[in-house]
Amino acid sequence: MTPSKPGRVWSEVFRRSRISPHVFVVAEAAAGQVDQVVAGLGLPRATSNSLFDNAHWATPLLDGAVARLLTYGLPALPSGTRVYGHRPLRLLCYLMDLRPPARALTGERNVPDIDQLLADLDWQRQAEPQALLAQARTAMANDAQEVLTAVRVFFGEEATGVTAVEMPG
């Protein structure tokens, strides 16, 4: 577990994206800690970085992913780190010693048991690396429409009901 302030609430690190209830934006001040925790999980990381394009880093996590975007110029989607999925969010809360949401969030079918999330993580670590990298690449988005496409791939058509644009900050 990564050291953190005892008793910090999940909403000090994550906020709900306005694009989808299945996407959470990481506070910039906590992005390094989230990246450190995710890097320590032993899962592959997909990257994309070319001279005149946005830079992406993404790691599959349970049924979703954690993705970081660094934009250049006028971005359609602000730079930052996003968590795709309620289960990945809850696992990160546990690993970062954050108090998770007390009840199910919008779009969350039920509150998962942490032991099940840890077992699923162990199973995922044994999965085929190419399949995990493909899952990670799905989360590499440059705009709200691409985020919604990733949400649809990860969580199904019914998960794409919210379409508002994410605002920076």
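Heads up: these notes are all about the structure in this document. In this text the structure is predicted, and so the values were computed from the model without any measurement. (Residues numbered from 1 in each chain as written. Predicted model: local features only at pLDDT ≥ 70, side-chain atom pairs only at ≥ 80, totals over all residues. Heavy atoms only, no water.)

With that settled, consider the sheet that holds strand β4 (residues 55–61). Spatial ordering of the open sheet is given by β1-β2-β6-β5-β4-β3, a layout of six strands whose pairing is antiparallel. Single-partner strands in this sheet number two, and they are β1 (14–16) and β3 (46–48). With strand direction ignored, the average angle separating the axes of adjacent strands in the sheet is 25°. In this sheet, strand β5 (residues 64–70) lies alongside β4 in antiparallel orientation, the contact comprising seven bridges. Counted as the bridge partner of Ala 55 is Leu 70 from β5. Contacts from helix α2 (residues 86–95) reach β1, β2 (23–26), β4, β5 and β6 (80–84), with the element oriented near 110° to β6. (Pairing = 2+ DSSP bridges. Helix = DSSP H or I, 4+ residues; strand = E, 2+ residues; numbered from the N terminus. Axes fitted to C-alpha atoms, helices over the stretch in contact; angles between N-to-C directions. Contact = heavy atoms within 4.5 Å.)

In terms of nonpolar packing, the biggest core is built from 27 residues, with Phe 14, Val 34, Leu 61 and Leu 92 touching the most fellow members. Sorting the residues of this core by element identifies β2, α1 (31–39), α2 and α3 (114–125) as the ones contributing at least two each. Per-element accounting of this core gives the leading share, five residues, to α2. Apart from the residues lying within four places of it in its own chain, the contact partners of Leu 92 are Phe 14, Val 34, Val 37, Val 38, Leu 61, Val 66 and Val 83. (Core = buried A, V, L, I, M, F, W, Y, C linked by side-chain atoms within 4.5 Å. Buried < 20%, exposed > 50% of the residue type's maximum accessible area, 1.4 Å probe, protein only.)

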